[in-house]
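# Descriptive structure summary
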Amino acid sequence: MKIRDLLAAESIELNGKVTGKKEALDAMVDLMAKSGKINNVEVYRKGVYAREEESTTGIGEGIAIPHCKSDSVSRPGLAAMVVPEGVDFDSLDGEKVNLIFLIAAPNTKENVHLDVLSKLSVLLMDEDFTANLRNAKTVDEFLHVIDAAEAEKDAEEEKKEEEKKAEAPVSNGKLILAVTGCPTGIAHTYMAAEALEKKAKELGYRIKVETRGSGGAKNVLTKAEIAEAECIIVAADTQVPMDRFAGKPVIQCKVADGISKAEELLTKAANGHASIYEAGGKAADDEEEGKDSLGHQIYKHLMNGVSHMLPFVVGGGILIAIAFLIDGFSVDLNSLPLDQRSNFGTITPMAAMFKSIGGVAFGFMLPILAGFIAMSIADRPGLAVGFVGGAIAANGTSGFLGALVAGFLAGYVVVLLKKICSKLPDSLEGTKPVLIYPLFGIFIVGVLMTYVVEPPIGALNTLINNGLNGLNGASAILLGALLGGMMSVDMGGPVNKAAYVFGTASIAAGNYNIMAAVMVGGMVPPIAIALATLIFKNKFTADERKAGPTNFIMGLSFITEGAIPFAASDPLHVLPACAVGSAAAGALSMAFNCTLMAPHGGIFVFLTVGNPLLYLVALAVGSAVGCVLLGVLKKKQLKRREKQ
């Protein structure tokens, strides 16, 4: 479908006169309605507003592309408006918008609006094209500019495809499948998918990537595709359904390898250098047989538990924090009798409700952690056994450490039971997962947890919590620096996750200052990078400077992964700078005795922060330190180009 097919002449305005974003959107909706493609204008208008509230569609460089997919759209369509004077549109670069395209798409599975948005975005990156649109004197001239640019672009794409076919390697046409997944399912999952897709196109391979992110599995691989595939690459740090790949060559690796080693993985897959996966087992390729394979397996099992635990921790933790906040506004803690201060967070009825709901969610944390660790090891039969082991830890004194042990213990107990039961008659096959595994597994793990794990781990856990409660002065500052720095070392990787999990476990133990140091350490890298792209412009590429300001939002929202693209392009300079800045912020947070009762949220949970002004100071100082170090350590981009 061509852009011109969707853009009616009556839906184009070359001399728009609007004074604000709302007026601009209303004018665009009215233009769209003139084409007769909207069956309910007001419903469509609300849909356009709702999309704009999610994030601005002002993409920068004076361009905005608002859009809406709705049942109120009869047929896909476009509207366009040139605003000679420009209008404030909350654009990413803060500049006024003078060229607006509005997309309307019916609520069907075809996702027409995404295809058109992609095509428009590519064309609008051409400054000559946008200049010609802005300077068009008539509607016909405006349409002619679009037709000519699109025809030229299509011709270029066809030529590129022909060149690729002519230059493609012998393995051109081979279908390679991939699955990507990371513990949080936010950044690494999609970065690995993008890296594999981009490199596959360069090498001439067909590829389809299934992403298993926070919103669930997308682009799921079909049986027919799996049957046709030369090889399947599983780049994941979480549990992936594997039995569907039985009998196929499979490469299993870390999700980070999907980002940094895409070409190596694809070449290996296309050349047949992968082992056959057996149902219930694993494909042992060369990388997995290396010294790190055991550590990676343990990490993957742990992260499967952590990724399923996080929603309970975040949701329940924030609700509990709100309960404390409500009582904080309603009750003077110092005026309460000593015997009632322990009830803080449940004193007022509203606070008690939040605390009760949040407590229930938070109470699932350890059973979920242990259950899904066990499931990662022993598949579904391990889930119930791990849940029970985690619940014993939660109700005992071993806490988080006990739940970790329970998860691995439950998983390997079930694996052992599977091996023992493999000698039983086939007629008992159906009773194993519903009777034998849960009955004996729960009993064995229950006994081991109660009499073997709980006493020593419980004593160790009590010792650690008492030690953390007694931290003060230099010890506390050193711990804050360590945890803050860990949040920046790999930005979402195992070290980052270790610090974060330690922080969330500390909330459950009542050590709120530790979570404060962890979160401020994770907020620093994106903010430091955003500042550096504005202050030290010659140290970043044009694309990095454009993307830089969005990291303010990522950092303030406690999404450390926003810094990953910058770290990936120059890790030797970016990672040390960010780690030092994060360590400084974590140390200051501890020194200022800042506390945080919520496990996530960034600035959105600052009302639950103890000593909030000093916490902001810690964040500002850490970000400034990271920014200055980036300016000192990174090389000028101009010098790099000259050397090349």
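See the structure printed just above.
As a starting point, this report considers the structure included with it. All values reported here derive from a predicted model rather than from experimental measurement. (Residues numbered from 1 in each chain as written. Predicted model: local features only at pLDDT ≥ 70, side-chain atom pairs only at ≥ 80, totals over all residues. Heavy atoms only, no water.)

### Notes on the overall build of the protein chain
Counting secondary structure elements, the protein chain contains 25 helices and 14 strands. The proportion of buried residues among the 644 residues of the protein chain is 50%. A fraction of 72% describes how many contacts in the protein chain between residues 6 or more apart in sequence connect residues 24 or more apart. With the model as given, the accessible surface of the protein chain reaches about 29,900 Å², and the carbon-plus-sulfur share is 60%. (Helix = DSSP H or I, 4+ residues; strand = E, 2+ residues; numbered from the N terminus. Buried < 20%, exposed > 50% of the residue type's maximum accessible area, 1.4 Å probe, protein only. Contact = heavy atoms within 4.5 Å. Areas by Shrake-Rupley, 256 points an atom, 1.4 Å probe, with all protein chains shown as cover.)

### Observations concerning the side chain of Lys-539
Its place among the elements puts Lys-539 in the loop between α19 (512–535) and α20 (542–547). The class of Lys-539 is buried, set by a relative accessible area of 10%. At a separation of 3.0 Å, a polar atom in the side chain of Lys-539 contacts the main-chain carbonyl oxygen of Lys-634. (Polar contact = N/O pair within 3.5 Å; in protein donor to acceptor, adjacent residues only side chain to side chain.)

### What about the environment of Ala-104?
Note on placement: Ala-104 falls in strand β6 (residues 97–106). Separated by 30 residues in sequence, Ala-104 and Ser-74 place their C-alpha atoms 9.0 Å apart. Aside from chain neighbours lying at most four places away, what touches Ala-104 is Met-32, Ile-38, Tyr-44, Cys-68, Val-73, Arg-75, Pro-76 and Gly-77.

### Section: the pairing of strand β7 (residues 175–181)
Across the seven residues that make up β7, a large majority, seven, are buried. Burial along β7 is two-sided: the residues Leu-175, Leu-177, Val-179 and Gly-181 and Ile-176, Ala-178 and Thr-180 are all buried. With six bridges connecting them, β7 and strand β10 (residues 231–236) associate as parallel partners. When the bridges of β10 are listed, Thr-180 appears paired with Ala-235. (Pairing = 2+ DSSP bridges.)

### What about unusual backbone geometry?
Within the chain, Asp-90 stands out as a residue other than glycine whose phi angle is a positive 55°. Residue position: Asp-90 is located in the loop between β5 (77–87) and β6. Assessed through its relative accessible area of 48%, Asp-90 is described here as partly exposed.

### Side note on the packing of helix α17 (residues 474–489) against α19
Axis separation between α17 and α19 bottoms out at 8 Å; the angle between their running directions is 40°. Judged by the inter-axis angle, α17 sits oblique to α19. Once α17 is placed against α19, the crossing between them reads as right-handed. Here Leu-479, Gly-480, Leu-483, Gly-484, Met-487 and Ser-488 of α17 lie close against α19, whose contacting residues are Ile-514, Ala-517, Val-518, Gly-521, Gly-522 and Pro-525. Residue composition of the contact of α17 with α19, by class: seven nonpolar, five polar and no charged. (Axes fitted to C-alpha atoms, helices over the stretch in contact; angles between N-to-C directions. Parallel < 35°, antiparallel > 145°, perpendicular 65-115°, else oblique. Left-handed = near helix turned anticlockwise from the far one by under 90°. Nonpolar A, V, L, I, M, F, W, Y, C, P; charged D, E, K, R; others polar.)

### What about helix α10 (residues 262–270)?
Regarding α10, the residues found buried are Ala-262, Leu-265, Leu-266, Lys-268, Ala-269 and Ala-270. Just downstream of α10, Gly-272 is the residue with a positive phi angle, here 80°.

### Observations regarding a negative patch on the surface
Taken together, the side chains of Asp-126, Glu-127, Asp-128, Glu-152, Glu-156 and Glu-157 present a region of like negative charge at the surface. Examining the composition of the negative patch, we find that three residues originate from one element, helix α6 (residues 139–167), more than from any other. Mapped onto the elements of the fold, Glu-152 is located in helix α6. (Patch = residues over 30% accessible without salt bridge, like charges linked within 9 Å, V, L, I, M, F, W, Y side chains within 5 Å. Salt bridge = Lys/Arg side-chain N within 4 Å of Asp/Glu carboxyl O. Lys, Arg positive; Asp, Glu negative; His and termini not counted. Charge placed at Lys NZ, Arg CZ, Asp CG, Glu CD.)

### Regarding the environment of Ala-378
Its location among the elements puts Ala-378 in helix α13 (residues 365–378). Residue classification places Ala-378 among the buried positions, given a relative accessible area of 3%. Sequence separation between Ala-378 and Ala-410 is 32 residues; the distance between their C-alpha atoms is 8.5 Å.

### Re the nonpolar core
By size, the foremost hydrophobic cluster in this structure holds 83 residues, and its most contacted members are Leu-369, Met-519, Leu-596 and Tyr-615. Per-element accounting of this core gives the leading share, 13 residues, to α19. When residues are assigned to domains, this core turns out to be shared by domain 3 (312–469) and domain 4 (471–633), each giving three or more. Beyond its immediate stretch of four places on either side in the chain, Leu-369 contacts Gly-305, Val-306, Met-309, Phe-400, Ala-403 and Leu-404. The next biggest cluster of nonpolar side chains, apart from the first, holds 23 residues, and it includes Leu-78, Ile-103, Ala-136 and Val-145. (Core = buried A, V, L, I, M, F, W, Y, C linked by side-chain atoms within 4.5 Å. Domains from an automatic or database assignment.)

### Regarding the packing of aromatic side chains
Under the criterion given, the structure shown has three aromatic pairs. Considering the side-chain rings of Phe-312 and Phe-364, the 5.7 Å spacing of their centres and the 50° angle between planes classify their relative orientation as tilted. Taken as a pair, Phe-312 in helix α11 (residues 293–330) and Phe-364 in the loop between α12 (349–363) and α13 lie far apart in primary sequence, 52 residues in all. Among the residues examined, Phe-312 registers a relative accessible area of 29% and is labelled partly exposed. Between the NZ or CZ atom of Lys-21 and the centre of the ring of Phe-89, over which it lies, the distance is 5.0 Å. For the cation-ring pair, Lys-634 lies above Phe-540, with the distance from its terminal atom to the ring centre recorded as 5.1 Å. (Phe/Tyr/Trp six-rings, centres within 6.5 Å; stacked < 30°, edge-to-face > 60°. Lys NZ or Arg CZ within 6 Å of the ring centre and 35° of its normal.)

### Considerations on helix α5 (residues 127–135)
Looking at α5, one finds that the buried residues are Phe-129, Thr-130 and Leu-133. Burial along α5 is one-sided: seen end-on, the buried residues are contained in an arc of 95°. Away from its buried face, by an angle of more than 90 degrees, α5 presents the exposed residues Glu-127 and Asp-128. (Arc of directions from axis to C-beta.)

### Things to note about the pairing of β10
The element β10 is largely enclosed, with a buried count of six among its six residues. Both faces of β10 are covered, namely the face carrying Cys-231, Ile-233 and Ala-235 and the face carrying Ile-232, Val-234 and Ala-236. Examined bridge by bridge, β10 and strand β11 (residues 249–253) share four bridges and lie parallel to one another. Within β11, the position partnered with Ile-232 by the bridge is Val-250.

No statement about biological role is implied by the geometric values presented.
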